[in-house]
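Inside the fold
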Amino acid sequence: MNAARGFTLLELLIGMTLLGFILALLFGGFRLAANSWDAVETRIERTNDEQLARALVRRLLAQMQPVRWKKAVNQPIAFIGEQGVLRALAPLTGQAGAGGLRLIELGREGEEATATDKGLLRLVLRQAPVRYDVENFASGLGDAKSYLVLGNLDAVEFSYFGPEKRGEPPRWQDAWTNQEQLPQLVRVRLKSREGGWSDLVVAPMVGATGCNWDAFQKRCR
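The paragraphs below set out a description of the structure included in this document. (Residues numbered from 1 in each chain as written. Predicted model: local features only at pLDDT ≥ 70, side-chain atom pairs only at ≥ 80, totals over all residues. Heavy atoms only, no water.)

What about the side chain of S159?
Spelled out, the test is: The helix and strand labels rest on DSSP assignments: H or I over at least four residues marks a helix, E over at least two residues marks a strand, and numbering proceeds from the N terminus. Two residues form a contact once any of their heavy atoms are found within 4.5 Å.
Along the chain, S159 turns up in strand 6 (residues 155-162). The residues touching S159, leaving out its near neighbours within four places in the chain, are W172, Q173, D174, L185, V186 and R187.

Description of the pattern of salt bridges
Where we set the bar: Each reported salt bridge corresponds to a side-chain nitrogen of Lys or Arg within 4 Å of a carboxyl oxygen of Asp or Glu. Only protein chains enter the area calculation, which uses a 1.4 Å probe; residues under 20% of their type maximum are buried, those over 50% are exposed, and those in between are partly exposed.
Applying the stated criterion to the full structure yields 8 salt bridges. Among the salt bridges present, the one from R171 reaches E164, with a minimum N-O distance of 2.7 Å. Judged by its relative accessible area of 40%, R171 falls in the partly exposed class. Residue D199 pairs with R189 through a salt bridge whose shortest N-O separation is 2.8 Å. Of this pair, D199 sits in the loop between strand 8 (185-191) and strand 9 (200-202) while R189 sits in strand 8, placing them 10 residues apart in sequence. Look at D199 and you get partly exposed, because its relative accessible area is 33%. Exposure remark for R189: the relative accessible area of 28% places this residue in the partly exposed category. Here the salt bridges do not stand alone but share partners, grouping R68, R166 and E180 into one network.

Remarks on a nonpolar patch on the surface
Filter applied, for reference: Exposure above 30% relative accessible area and no salt bridge define the residues that can form patches, which grow by joining like charges within 9 Å and nonpolar side chains of Val, Leu, Ile, Met, Phe, Trp and Tyr within 5 Å. Surface accessibility follows the Shrake-Rupley procedure with a 1.4 Å probe radius. Residue values consider only the protein chains on display as shielding.
Where nonpolar side chains cluster on the molecular surface, the patch consists of L19, I22, L23, L26 and F30 and spans about 530 Å² of accessible area. In this structure, I22 sits in helix 1 (residues 9-62).

Considerations on unusual backbone geometry
Positive phi, normally seen in glycine, also occurs at N74, with a value near 65°. Within the element layout of this structure, N74 appears in the loop between helix 1 and strand 1 (79-81). What makes N74 exposed here is its relative accessible area of 67%. If you check the backbone angles, N152 has positive phi at about 55° while not being a glycine. You can see N152 is positioned in strand 5 (residues 147-153).

Section: the sheet that holds strand 9
Where we set the bar: Being paired, for any two strands, means DSSP has found at least two bridges between them. Every axis in this analysis is a line fitted to C-alpha atoms, fitted for helices over the stretch in contact. Angles between the N-to-C directions lie between 0 and 180 degrees.
Spatially, 4 strands are ordered 7-6-8-9 in an open sheet, and the strand pairing comes out antiparallel. Looking at the sheet topology across the chains shown, the edges are occupied by strand 7 (171-173) and strand 9. The average angle at which neighbouring strand axes cross in this sheet is 20°, direction not considered. Sheet analysis places strand 6 next to strand 7, joined by 3 bridges and oriented antiparallel. Looking at strand 7, one finds that F161 is bridged to W172.

What about the packing of aromatic side chains?
Counted only if it meets this: Classification of ring pairs uses Phe, Tyr and Trp, with its six-membered ring standing for Trp, and accepts pairs whose centres are within 6.5 Å; under 30 degrees between planes counts as stacked, over 60 as edge-to-face, and the remaining range as tilted. The rule for a charge over a ring is simple: NZ of Lys or CZ of Arg within 6 Å of the ring centre, and within 35 degrees of the ring normal.
The tally for this structure, following the rule as stated, stands at 4 aromatic pairs. Considering the side-chain rings of F79 and Y160, the 6.0 Å spacing of their centres and the 85° angle between planes classify their relative orientation as edge-to-face. Taken as a pair, F79 in strand 1 and Y160 in strand 6 lie far apart in primary sequence, 81 residues in all. Neither residue differs from the other here; F79 and Y160 are each classed as buried. The structure contains a cluster of three or more aromatic residues connected by ring pairs, namely W69, Y132 and F137. For the cation-ring pair, R187 lies above W172, with the distance from its terminal atom to the ring centre recorded as 4.2 Å.

Pasting the structure below:
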């Protein structure tokens, strides 16, 4: 009669070592899969945020309205366009009538990116009610809260296409100085080291062919 033979200590140690290697490989595979999934989710969220931001900026720029500011000298168009900020009057609701007009500001916050740091800039939106009793149409933005449109950017730049003065040919400019009209095009350049970004170029609706501006309703007819 043969006695039942068990595992030796050496065999048990070898088996436990192999089991440890297998578990380590499985854990590494699960961790890699989880990291890959998180990276995909982050990229999807980033893409969705970019699309929503571009849609918001496009809508605001397309609906800017050339309101002459009567309290200011020479009644200039209520528009300020610089490389780092844009201020205008536009509706924030679906209505383009006078009751829906708001004072808006699209601008950059933060510091320019360096060789070692990135993602320091943010594109933000500020908005306030229009105060028709002040000389500077943008003075109502003093206490307005900033709302994040898009973050983790290396550069945010605005430029403007149109004639610098009446009768001159249109060209791209870093600052808009023509107080007689809105620019024909506004370009928003967003830069990130992640890549995949493209310039957003928008034509204000009132500058489109066939737009008859209604000064009372403050909209195209």
